[in-house]
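Chain by chain, the residues:
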Amino acid sequence: EKSLAVEAMMRAVLSLFEQPTSEELELRLVQALDRLVAEMHDVRFEFDDTEYPEAPRLAYEVARGLVLSRFPDFGPYSVPASVLPENEQLMLGDSVDDLADVIIELRDVEWRFEHTSEADALWHLENGFRTHWAAHVRWLQVFLHERQLG
């Protein structure tokens, strides 16, 4: 079933933060993020209008600490303010922040899979992806690609 594949990809990303640091950890992160984004295009659910309690939120500082403990040399990168041709401005992105935000969102959805309903969890996953963390993942993927090229 498709939602099981999405949940598996989501947990694959989160599991990287439960493993010891290794030289191949960054490559596994690239693969897990690519697979998760690919699965996001097929998320389907029926809206669940049940009122559920809010998921306990992972503190940003904790998520940021997890990222830095596994990827201590992650940091800032340049990103265009807009990808439109007339743009000439650069902004500063932060790979640690990008990944911390993704972890927070995925932990929230993980809790929902366990404590609410599949439809509720998938709605939060898809909504968070579309409105927030898709951009973080996309810029993070570019950052990681550049690192791989050396």
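The structure we're discussing is the one just above.
Residues numbered from 1 in each chain as written. Predicted model: local features only at pLDDT ≥ 70, side-chain atom pairs only at ≥ 80, totals over all residues. Heavy atoms only, no water.

**Q** Please set out the overall build of the chain residue by residue, giving values where relevant.
**A** On a plain count of helices and strands, the chain comes out with five helices and two strands. Scanning the chain from its N terminus toward the C terminus, one meets helices and strands in the order α-α-α-β-β-α-α. In terms of C-alpha radius of gyration, the chain reaches 16 Å, essentially the compact-globule figure of 15 Å for 150 residues. If you line up the chain on its principal axes, its C-alpha atoms span 45 × 40 × 30 Å. When each of the 150 residues of the chain is scored for burial, the buried share is 45%. On the chain, roughly 8,400 Å² of surface is accessible, and the fraction owed to carbon and sulfur atoms is 53%. (Helix = DSSP H or I, 4+ residues; strand = E, 2+ residues; numbered from the N terminus. Rg over C-alpha atoms; globule rule 2.2 N^0.38 Å. Buried < 20%, exposed > 50% of the residue type's maximum accessible area, 1.4 Å probe, protein only. Areas by Shrake-Rupley, 256 points an atom, 1.4 Å probe, with all protein chains shown as cover.)

**Q** Account for the environment of Phe 143, with residues named and values stated.
**A** Mapped onto the elements of the fold, Phe 143 is located in helix 5 (residues 118-149). Each C-alpha atom, one on Phe 143 and one on Glu 86, is 23 Å from the other, the two residues being 57 residues apart in sequence. The residues contacting Phe 143, other than those within four sequence positions of it, are Phe 74, Gly 75, Pro 76, Tyr 77 and Ser 95. (Contact = heavy atoms within 4.5 Å.)

**Q** Let's hear about the packing of helix 2 (residues 25-40) against helix 5: which residues, and what values?
**A** It is the contact of helix 2 with helix 5, at a shortest axis distance of 10 Å, that shows an interaxial angle of 145°. Crossing of helix 2 over helix 5 shows left-handed handedness. In contact with Glu 26, Leu 27, Leu 29, Val 30, Leu 33, Asp 34, Leu 36, Val 37 and Met 40 of helix 2, helix 5 contributes Leu 125, Glu 126, Phe 129, Trp 133, Val 137, Arg 138, Leu 140, Gln 141, Leu 144, Arg 147 and Gln 148. Residue classes in the contact of helix 2 with helix 5 are distributed as 13 nonpolar, two polar and five charged. (Axes fitted to C-alpha atoms, helices over the stretch in contact; angles between N-to-C directions. Left-handed = near helix turned anticlockwise from the far one by under 90°. Nonpolar A, V, L, I, M, F, W, Y, C, P; charged D, E, K, R; others polar.)

**Q** Give a detailed account of helix 4 (residues 95-115), specifying residues and quantitative values.
**A** Counted at 1.5 Å a residue, the expected span for helix 4 with its 21 residues is 30 Å, and the 30 Å between its end C-alpha atoms agrees. Burial within helix 4 is extensive, with 17 of its 21 residues counted as buried. (Expected span 1.5 Å × (residues − 1).)

**Q** Lay out the side chain of Ser 117 with the relevant residues and their values.
**A** Along the polypeptide, Ser 117 turns up in the loop between helix 4 and helix 5. Polar contacts involving the side chain of Ser 117 include one to the main-chain amide nitrogen of Asp 120, which spans 3.0 Å. Those residues in contact with Ser 117, other than ones at most four positions away along the chain, are Asp 48, Tyr 52 and Arg 112. (Polar contact = N/O pair within 3.5 Å; in protein donor to acceptor, adjacent residues only side chain to side chain.)

**Q** Describe in detail the packing of aromatic side chains, supporting the description with residues and values.
**A** The full count for this structure, using the stated rule, is five aromatic pairs. Pairing Phe 71 with Phe 74 gives two aromatic rings, centres 4.7 Å apart and planes at 20°, and the pair type is stacked. For the pair formed by Phe 71 and Phe 74, the shared burial category is buried. An aromatic cluster of at least three residues, connected via ring pairs, comprises Phe 71, Phe 74, Tyr 77 and Phe 143. (Phe/Tyr/Trp six-rings, centres within 6.5 Å; stacked < 30°, edge-to-face > 60°.)

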